[in-house]
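Structural features, examined
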Amino acid sequence: GKTFADAKGDVFRGLEVVESAANVAPAMMGETMENLAASVDTYSIRQPLGVCAGICPFNFPAMIPLWMFPIAVTTGNTYVLKPSEKTPGATMLLAELAKEAGLPDGVLNI
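A word on unusual backbone geometry
The phi dihedral of Asn 35 falls on the positive side, at around 55°, and the residue is not glycine. Mapped onto the fold, Asn 35 is located in strand β1 (residues 31–37). Owing to a relative accessible area of 61%, Asn 35 belongs among the exposed residues under this scheme. For Ser 39, which is not a glycine, the phi torsion comes out positive at approximately 60°. Secondary-structure assignment places Ser 39 in the loop between β1 and β2 (40–44).

Quick look at the structure:
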């Protein structure tokens, strides 16, 4: 077990990543540079990886999942998240909150 202050700190550190994930769309646009040389243009395209996965430790049951799945999901990936068998409650609660927030079925899999 953690003290209430430690647990609260873990959640707030995780929520900082969620806040960053909410602003990741402009970074996903890629770049285009024209006329680098005669008839030479360059461009980059950022594409999702597909299916990502993460395993949560027992000692950070809320912070580590919040570091992993929000970024993966907002960049267009699906996510498989395995909670610790000792502390599955936090991960399940996060999944319920994600569904309540409108995350489609099959995007976050526990």
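Topic: the layout of surface pockets
If you add up the space inside the largest pocket, you get close to 320 Å³. As for the largest pocket, its lining consists of 14 residues, of which Val 18, Phe 69, Pro 70, Ala 98 and Ala 101 are closest to the centre. Residue assignment for the lining of the largest pocket shows that the elements contributing at least two residues are α1 (4–21), α2 (63–74) and α3 (88–100). The element that contributes the greatest number of residues to the lining of the largest pocket is α2, accounting for five residues. Here the lining of the largest pocket is composed, by residue class, of 13 nonpolar, one polar and no charged. Estimates place the volume of the second largest pocket at around 180 Å³. In terms of residues, the lining of the second largest pocket owes the most to one element, α1, which gives four residues.

Examining the environment of Phe 58
Relative to the assigned elements, Phe 58 resides in the loop between β3 (51–55) and α2. For Phe 58, the residues in contact, after removing those within four places along its chain, are Ser 84, Lys 86 and Thr 87.

The rules behind these values
Residues numbered from 1 in each chain as written. Predicted model: local features only at pLDDT ≥ 70, side-chain atom pairs only at ≥ 80, totals over all residues. Heavy atoms only, no water. Helix = DSSP H or I, 4+ residues; strand = E, 2+ residues; numbered from the N terminus. Buried < 20%, exposed > 50% of the residue type's maximum accessible area, 1.4 Å probe, protein only. 1 Å grid on protein atoms, 1.4 Å probe; cavity = no way out; pocket = protein on both sides within 12 Å on 5 of 7 lines; lining within 4 Å. Points joined across faces, edges and corners; volume = space filled by probe spheres on them. Nonpolar A, V, L, I, M, F, W, Y, C, P; charged D, E, K, R; others polar. Contact = heavy atoms within 4.5 Å.

Remember, this is a structural readout, not a statement about activity or role.
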